[in-house]
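For reference, the chains in residue letters:
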Amino acid sequence: MKTSNKCRSLLALGSCVALLSVATQANAAIKGTAGQCANANKVNATWTYNWGSSAPSNLPAGVEFYPMWWGYYGATQAQDTAALTALKNAGYPVLLMYNEPDSSSQANLTTAYALQGYTHASIAANSIGFGNLISPACADDNDTWMQQFMAAVKSQGLLCHAVAIHCYQSSASSFLSYVDGVHTRYGYNVYVTEFAPTDWLSPTKITVANCESFMATAVPGLKSRGYVLDYSWYCGTLPGTNVLQTAALFDSSGNLTALGSQYKTY
């Protein structure tokens, strides 16, 4: 998600079976930020991303950048292989694929077209020894689009290190149930690359205190799940009372909010 006004309720077998999350028990999930790359170190984040394919010039030292191929625009296999090779040579450890392709306001791809590009990425990754290819993150990771996509990924033996999740729920229990459900449905490790509590109202009825309570349950819950490898709080808003604004980690000057100070502790 690049904007905060979307309304929504809210993994591929690789060439090596060991990539399946059911066969992988990871260490505690690694904290990141979805956006606000320049401030990621202020919350002790290990990684960050900004929905783009190259790190910003103000990326803090010691924070890894995860590039994203936001959509697919008809590149050839050779072009995608060259692009992924360049990312690997630049030292990027992970590639996130496609931002909410099931949404007309985001990447907006048919399943078949997305699979064409994802197949290119899988072939390229296998050819250059790049293991951390992450599935598209859908607006709804349980919808028909994602189910068809993941079924094709499995049947075609495409590389997928983890399935990406975007999830916005009003309660931590429903959020964690959603994460568990996606993992159970697809059987892969999980990257929760966008999450925060919301009711999708403007002004929101979700208070900062509600966000603090949500975070106090949700983040430890993610860290306790061996299949959750990475997580990043959505940082696309500043403090206020509109949609997701009470979940802001930083103010307009880049200073930590009370919620940001809490996120820093995990």
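Within each chain, residue numbers correspond to sequence positions counted from 1 in written order. At least 70 in pLDDT is required for a residue's local features to be given in this predicted model, at least 80 for side-chain atom pairs to be given and counted, and no such filter applies to totals for whole chains, interfaces and linings, which use all residues. Hydrogens and water are ignored here; the side-chain numbers use all heavy atoms of the structure.

### So, the packing of aromatic side chains
Our working rule: Paired rings are identified among Phe, Tyr and Trp, the last through its six-membered ring, by centres lying within 6.5 Å, and are further divided according to the angle between planes into stacked (under 30 degrees), edge-to-face (over 60) and tilted (the rest). Counting from the N terminus, the helices are DSSP H or I runs at least four residues long and the strands are E runs at least two residues long. When a residue's accessible area, from a 1.4 Å probe over protein chains only, is under 20% of the maximum for its type it is buried; when over 50% it is exposed; and in between it is partly exposed. Only lysine NZ and arginine CZ atoms are considered, and such an atom sits over a ring when it is within 6 Å of the ring centre and within 35 degrees of the ring normal.
With the rule as written, the count across this model stands at 18 aromatic pairs. Residues phenylalanine 195 and tyrosine 231 carry aromatic rings whose centres are separated by 6.3 Å and whose planes lie at 70° to one another, so their mutual orientation is edge-to-face. Here phenylalanine 195, found in strand E8 (residues 189-195), pairs with tyrosine 231, found in strand E9 (residues 228-234); they are 36 residues apart in sequence, far enough to count as distant. Take phenylalanine 195: its relative accessible area is 0%, and that puts it in the buried class. According to the relative accessible area criterion, tyrosine 231 is buried, its value standing at 0%. In this structure an aromatic cluster arises from ring pairing among Trp47, Tyr49, Trp51, Tyr66, Tyr168, Tyr191, Trp200 and Tyr234. For lysine 31, the ring lying beneath its charged end belongs to tyrosine 263, and the centroid distance is 5.3 Å.

### Concerning the pairing of E8
Under the convention used in this document: Note on pairing: DSSP must find at least two bridges between two strands before they are called paired. Handedness of a crossover: with both strands directed away from the viewer, a clockwise path from the first strand across the helix to the second marks it as right-handed.
Burial within E8 is extensive, with 7 of its 7 residues counted as buried. As paired strands, strand E7 (residues 162-167) and E8 are joined by 6 bridges and run parallel to one another. Within E8, the position partnered with alanine 164 by the bridge is tyrosine 191. Crossover connection from E7 via helix H4 (residues 172-186) to parallel E8: handedness right-handed. Handedness of the crossover joining E8 and E9 through helix H5 (residues 208-223): right-handed.

### Topic: the side chain of lysine 31
For clarity, the threshold we go by: When charges are tallied, Lys and Arg are placed among the positive residues and Asp and Glu among the negative ones, while His and the ends of the chain are skipped. We define a salt bridge as a contact between a side-chain nitrogen of Lys or Arg and a carboxyl oxygen of Asp or Glu at a distance within 4 Å. Here a polar contact means two N or O atoms within 3.5 Å. Within protein one must be a hydrogen donor candidate and the other an acceptor candidate, and residues neighboring in sequence count only if both atoms are side-chain atoms. Note on definitions: a residue-residue contact is assigned when non-hydrogen atoms from the two residues lie within 4.5 Å.
Structurally, lysine 31 is set in strand E1 (residues 30-34). Aspartate 230 is the oppositely charged side chain nearest to the buried, salt-bridge-free lysine 31, at an N-O distance of 12 Å. Within polar-contact distance, the side chain of lysine 31 engages the backbone oxygen of valine 43 at 2.7 Å. Setting aside anything within four residues of it in sequence, one finds lysine 31 in contact with Val43, Asn44, Ala45, Thr46, Trp47, Tyr231, Tyr263, Lys264, Thr265 and Tyr266.

Note that all results are geometric; they support no functional claim without further evidence.
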